[in-house]
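Here is what each chain is made of, one letter per residue.
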Amino acid sequence: MSTAGSSPLGTATTLAELTRDPHARLALLREHEPVSWLPELDGWLVTRRDLALSVMRDAETFTVDDPRFSTAQVVGPSMLSLDGAPHARHREPFTAPFRPRAVREGFASFIEREAGRLITELPPAGAVDLRRAFAGPLAVAVVTEALGLVGTSTATLLSWYDSIVASVSDITAGHAAGPAGTAAYAQLRAAVEATVADRDASSLLGSAAGHLTLPEVASNAAVLMFGGIETTEGMITNALLHLLRNPGQLALVRADIDLLDGAIEESLRLEPGAAVVDRYATRDTVLGPVIVRRGDLVTVSLAGANRDPAVFPDPDRFDVRRENARLQLAFAHGPHYCLAAHLARLETRIALQYLLERLPALRLDPARPTDAYGLVFRKPLSLHVLWDRPV
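Residues numbered from 1 in each chain as written. Predicted model: local features only at pLDDT ≥ 70, side-chain atom pairs only at ≥ 80, totals over all residues. Heavy atoms only, no water.

Asker: So what exactly am I meant to see when it comes to the overall build of the protein chain here?
Answerer: Looking only at helices and strands, one finds 16 helices and twelve strands in the protein chain. Taken over C-alpha atoms, the radius of gyration comes to 21 Å for the protein chain, in line with the 21 Å a tight globule of 391 residues would show. With respect to the three principal axes, the spread of C-alpha positions in the protein chain is 65 × 55 × 35 Å. Within the protein chain, contacts between residues separated by at least 24 positions form 70% of all contacts whose residues are at least 6 apart in sequence. A total of about 16,900 Å² of accessible surface is found on the protein chain, and carbon and sulfur atoms cover 54% of it. Both charge centroids of the protein chain, one from 38 positive and one from 46 negative side chains, sit 2 Å from each other. (Helix = DSSP H or I, 4+ residues; strand = E, 2+ residues; numbered from the N terminus. Rg over C-alpha atoms; globule rule 2.2 N^0.38 Å. Contact = heavy atoms within 4.5 Å. Areas by Shrake-Rupley, 256 points an atom, 1.4 Å probe, with all protein chains shown as cover. Lys, Arg positive; Asp, Glu negative; His and termini not counted. Charge placed at Lys NZ, Arg CZ, Asp CG, Glu CD.)

The following block contains the structure:
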C-alpha cells in the first residue's frame with residue numbers, strides 16, 4: 001500500500017497538461033497509478049473505472065459535504081453539496097419533472113422551436129462559431145424555460161450564471177471570490193422568491209417550495225442553472241466536434257439517424273463535459289493500491305474512467321456503433337447521478353439532428369482548428385464551422 005508522496009507519475013503531472021490535452025497522461029496514470037497523489041491538485045486522482053465507481057457509490061466514505069466545496073461557498077447548501085438524508089430531501093422535489101416521459105412531454109416542443117429559431121437566425125454567410133451562436137444560447141434558453149423564473153429573460157439568467165461561475169472558479173483556484181457572484185446570487189434568490197410567491201405561475205420552483213425553504217429552493221435553482229448551461233453546452237459542442245472530425249462516422253449517422261443516440265453516448269464517453277468530480281474522505285480507507293487518509297481530497301477523473309480499456313476496447317476511437325457506450329460515466333454515478341441527464345440527452349439529440357438536417361454539408365472550418373479544453377469542464381473554446389449556402 002502506498003500513501004501520499006509515493007506517486008512518481010502523479011508528482012510529474014501538471015494541471016496545465018490535464019487542462020490542455022489530458023488523455024495520454026490519464027492513460028499512463030490509469031495503467032501504473034490508478035489512484036495517484038498529485039501535488040498540484042493536493043489530492044488523489046482516480047482514473048480506473050472500477051475504482052471511480054467505488055468512490056461515487058460510497059457517499060459515507062467519500063462525501064461532497066465538506067467546507068472546501070467551492071459551489072456551496074457561493075450559493076449555500078444544495079443537492080450538489082450534501083449527502084445522506086439532507087441530500088435526498090433537497091433532490092426529491094426536483095426528481096419527477098426530469099423523468100424521461102416528463103422531459104419529453106414538457107420540453108421536446110420547446111427545444112425544437114428554439115433550435116429551429118437559432119438556426120434560422122444564423123448569419124447567411126455560411127460560417128459561424130456554433131458554440132457561441134447555437135449551443136450556448138440553446139442551453140440558456142432551456143434552463144430559463146425549466147426554472148420558469150417570473151420576469152427573467154435569458155440574457156439576465158446568463159449574466160447571473162457568468163458571475164456565479166466566476167466566483168466558484170476563483171475559490172477553486174484558491175483566490176478570494178469577487179463581489180459580483182454574491183450580488184448575482186442575491187438577484188437569483190429574489191427572482192426565485194418572486195416566482196414562488198406568484199400563485200398564477202405553475203413552476204418547478206413553486207412545487208419545490210412545498211418541501212424546501214426559500215433559501216434551499218434558491219440554492220438548488222443555482223445548481224440546476226449551472227449544470228444545465230455549462231455541461232449541456234459542452235455536451236452539444238463536443239458531440240458536434242466528434243462527428244465533424246470523423247466523416248465516416250458522420251456518414252453512418254446521416255444514413256441512419258437512429259445512430260445519433262449512439263454518437264451522443266460515444267461523445268460523452270470520449271470527452272465528458274464535466275471531466276472530474278470531487279469527493280472528500282470521511283475516514284482512513286483503502287482505495288485500490290493506496291491508503292487514503294481522512295480529509296483527503298479524492299478527485300474522480302470521469303475522462304480517465306471513460307477510456308478504461310478494460311471496459312472499452314480501443315478506447316480512443318470514436319465509434320457510433322459501440323455496443324456498451326452507455327456505460328460511460330459522464331453523468332457521474334451513485335446518489336449524485338445527474339438529475340437532468342434525460343433532458344441533456346434530449347436537448348443534444350434535437351440540436352444535432354436539426355443542425356445536420358438544416359445546414360447542408362456542415363463541416364469544420366479548416367482555417368480555425370479547435371479542440372476540447374478545460375480542467376474541470378471540457379469543451380472547445382469555439383467551434384467554427386462552414387456550410388453550403390442555398391443557391
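Picking up after the structure, the text goes on.
Asker: Help me understand the environment of Leu147 in this model?
Answerer: Tracing the chain through its elements places Leu147 in helix 8 (residues 130-147). By relative accessible area, Leu147 is classed as buried at 2%. Between the C-alpha atom of Leu147 and that of Leu28, which follows or precedes it by 119 residues, the distance is 42 Å. Ignoring any residue separated from it by four or fewer positions in sequence, one finds Leu147 in contact with Leu157, Ser203, Leu205, Ala221, Leu224 and Met225. (Buried < 20%, exposed > 50% of the residue type's maximum accessible area, 1.4 Å probe, protein only.)

Asker: Sorry if this is basic, but what is going on with the pattern of salt bridges here?
Answerer: Opposite charge on two side chains permits pairing when their charged atoms draw close. Applying the stated criterion to the full structure yields 23 salt bridges. A salt bridge links Arg117 to Glu114; its shortest N-O distance comes to 2.3 Å. Taken together, the residues span about one helical turn, with Arg117 and Glu114 both in helix 7 (residues 100-120) at a distance of three residues. Under the relative-accessibility criterion, Arg117 is labelled partly exposed at 36%. Across the pair Arg307 and Asp316 runs a salt bridge whose closest N-O atoms are separated by 3.0 Å. Given the relative accessible area of 10%, Arg307 is considered buried. Overlapping salt bridges, with partners in common, bring together Arg131, Glu230, Glu233 and Lys379 in one network. (Salt bridge = Lys/Arg side-chain N within 4 Å of Asp/Glu carboxyl O.)

Asker: Honestly, the sheet that holds strand 9 (residues 363-364) in this entry has me stumped. Any pointers?
Answerer: Hydrogen bonds between backbone groups are what pair the strands of a sheet, and the pairing can be parallel or antiparallel. With respect to topology, three strands assemble into an open sheet ordered 4-12-9, the strand pairing being antiparallel. Of all the strands in the sheet, the pair left with one neighbour each is strand 4 (127-129) and strand 9. Bridge count for strand 9 against strand 12 (residues 384-386) is two bridges, and the pairing is antiparallel. Across the sheet, the residue bridging to Leu364 is Val385, located in strand 12. (Pairing = 2+ DSSP bridges.)

Asker: Looking at this model, I keep getting lost on the packing of helix 8 against helix 9 (residues 154-172). Mind explaining?
Answerer: To characterise two packed helices, one gives the angle between the axes of the helices and the distance between these axes. For the pair helix 8 and helix 9, interaxial distance at closest approach is 9 Å and the crossing angle is 100 degrees. Put simply, helix 8 runs roughly perpendicular to helix 9. In this structure, helix 8 uses Val140, Ala141, Val143, Thr144 and Leu147 to contact helix 9, whose residues at the interface are Thr154, Leu157 and Leu158. Classifying every residue of the contact of helix 8 with helix 9 gives six nonpolar, two polar and no charged. (Axes fitted to C-alpha atoms, helices over the stretch in contact; angles between N-to-C directions. Parallel < 35°, antiparallel > 145°, perpendicular 65-115°, else oblique. Nonpolar A, V, L, I, M, F, W, Y, C, P; charged D, E, K, R; others polar.)

Asker: Sorry, what's going on with the environment of His333 here?
Answerer: In this fold, His333 is placed in the loop between helix 15 (302-305) and helix 16 (341-358). Taking relative accessible area as the criterion, His333 reaches 24% and is therefore assigned partly exposed. When the C-alpha positions of His333 and Leu352 are compared, they lie 25 Å apart, and in sequence the two are 19 residues distant. Ignoring sequence-local partners within four residues, the contact set of His333 consists of Leu53, Met56 and Arg57.

Asker: For this particular structure, what's the right way to read the packing of aromatic side chains?
Answerer: What characterises a pair of aromatic rings is the spacing of the ring centres plus the angle enclosed by the ring planes. Across all of its chains, the model carries four aromatic pairs by this definition. Centroid distance Tyr161 to Phe226: 6.2 Å. Interplanar angle 50 degrees. Geometry classified as tilted. Separated by 65 residues along the polypeptide, Tyr161 in helix 9 and Phe226 in helix 12 (residues 214-245) bring together distant segments of the chain. Each member of the pair, Tyr161 together with Phe226, is buried. (Phe/Tyr/Trp six-rings, centres within 6.5 Å; stacked < 30°, edge-to-face > 60°.)

Asker: How do you make sense of empty space enclosed by the protein when you look at a structure like this?
Answerer: It is a probe the size of a water molecule, rolled over the atoms, that shows where empty space is left. Under the counting rule described, the total for this entry stands at two cavities of 30 Å³ or more. In this structure, the largest cavity occupies an estimated 40 Å³ of space. Looking at the largest cavity, the residues that line it are Gly234, Met235, Asn238, Ala239, Ile264, Ser267, Leu268, Glu271 and Gly273. Breaking the lining of the largest cavity down by element, the ones donating at least two residues are helix 12 and helix 14 (260-270). A per-class count over the lining of the largest cavity returns four nonpolar, four polar and one charged. What the second largest cavity holds in volume is close to 30 Å³. Lining the second largest cavity are Leu130, Arg131, Phe134, Ala135, Ile236, Thr237, Leu240, Leu355 and Leu383. (1 Å grid on protein atoms, 1.4 Å probe; cavity = no way out; pocket = protein on both sides within 12 Å on 5 of 7 lines; lining within 4 Å. Points joined across faces, edges and corners; volume = space filled by probe spheres on them.)

Asker: Honestly, the sheet that holds strand 3 (residues 62-63) in this entry has me stumped. Any pointers?
Answerer: With respect to topology, five strands assemble into an open sheet ordered 1-2-8-5-3, the strand pairing being mixed. Either end of the sheet is taken by a strand with one partner, and the two such strands are strand 1 (35-38) and strand 3. Note that strand 2 (residues 43-46) and strand 8 (residues 297-301) share three bridges and pair parallel. Opposite Leu45, over in strand 8, you have Thr299 as the bridge partner. Lying on the sheet, helix 4 (residues 49-57) is in contact with strand 1, strand 2, strand 3, strand 5 (276-281) and strand 8; it crosses strand 8 at an angle near 125 degrees.

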